[in-house]
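# Observations on the three-dimensional arrangement
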Amino acid sequence: DQQGQDRFKALGLKVFSSKGEAVKEAEIVVLAVKPHLVQAVAEEIRPYLDHDAMVVSVAAGVTLDQLQEYFDEDRTAFRVMPNIAATHASSMTFVSCADRCAVYAPVILEMMGTVGEAVLIPESMMDTAMVNASCGLAYALRSIRAAREASIEMGRGAALSPPVGPPARKGA
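Residues numbered from 1 in each chain as written. Predicted model: local features only at pLDDT ≥ 70, side-chain atom pairs only at ≥ 80, totals over all residues. Heavy atoms only, no water.

Judged by pairing direction, the sheet is mixed, and its five strands sit side by side in the order β1-β2-β3-β4-β5 without closing on themselves. Of all the strands in the sheet, just β1 (28-31) and β5 (116-120) have a single pairing partner and so form its edges. Pairwise comparison of adjacent strand axes, ignoring direction, gives a mean angle of 25 degrees for this sheet. The pairing of strand β3 (residues 77-81) with strand β4 (residues 91-97) spans four bridges and is antiparallel. Each bridged residue has a counterpart across the sheet, and for Phe78 the counterpart in β4 is Cys97. Each of β1, β2 (54-57), β3, β4 and β5 is contacted by helix α5 (residues 105-112), which is oriented at about 160 degrees to β5, the strand it contacts most. (Pairing = 2+ DSSP bridges. Helix = DSSP H or I, 4+ residues; strand = E, 2+ residues; numbered from the N terminus. Axes fitted to C-alpha atoms, helices over the stretch in contact; angles between N-to-C directions. Contact = heavy atoms within 4.5 Å.)

Shown next, in the form of structure tokens:
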């Protein structure tokens, strides 16, 4: 709606009426859509992309081969997987690209570093890396619970147990 567009413009952001218009001058296009929509969005924007524009996908499970198929084999494409901690600038983000695209990796790593840490890995390691990073929160919470239970078993009681775990982990 016009009111929403005016709010974005007031923030100094460019507002476009179509996806094609939005990407036609972009150097980097970030695909942040549900995985089942990537192909349709790619088909819609592909004709408007500059030949040198890079495509960065954060769609879970969409491989580099798929990105090359949806765009073109010569397109510089990155597969990027941040985790939920990005909302607090504490993500462990994994970035993959074809070997020929690695020269551009520092740009993408810097961009993704704004939401936490970012590391370049082979795509073959993406699933394992994501499992470990995504489970990190679960491991941390399990550790806090285990420390609380141990404290109770040692006779300190539940009332004194919660405050000790998080500060000790932060200090570590």
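Below, the discussion takes up the pairing of β3. Buried residues dominate β3, accounting for five of its five residues. Both faces of β3 are covered, namely the face carrying Ala77, Arg79 and Met81 and the face carrying Phe78 and Val80. Bridging between β2 and β3 involves three bridges; their strand directions are parallel. Each residue of the ladder has a partner; that of Val56, found in β3, is Phe78. The handedness of the β2 to β3 crossover, carried by helix α4 (residues 64-70), is right-handed. (Buried < 20%, exposed > 50% of the residue type's maximum accessible area, 1.4 Å probe, protein only. Right-handed = clockwise from strand over helix to strand, strands pointing away.)

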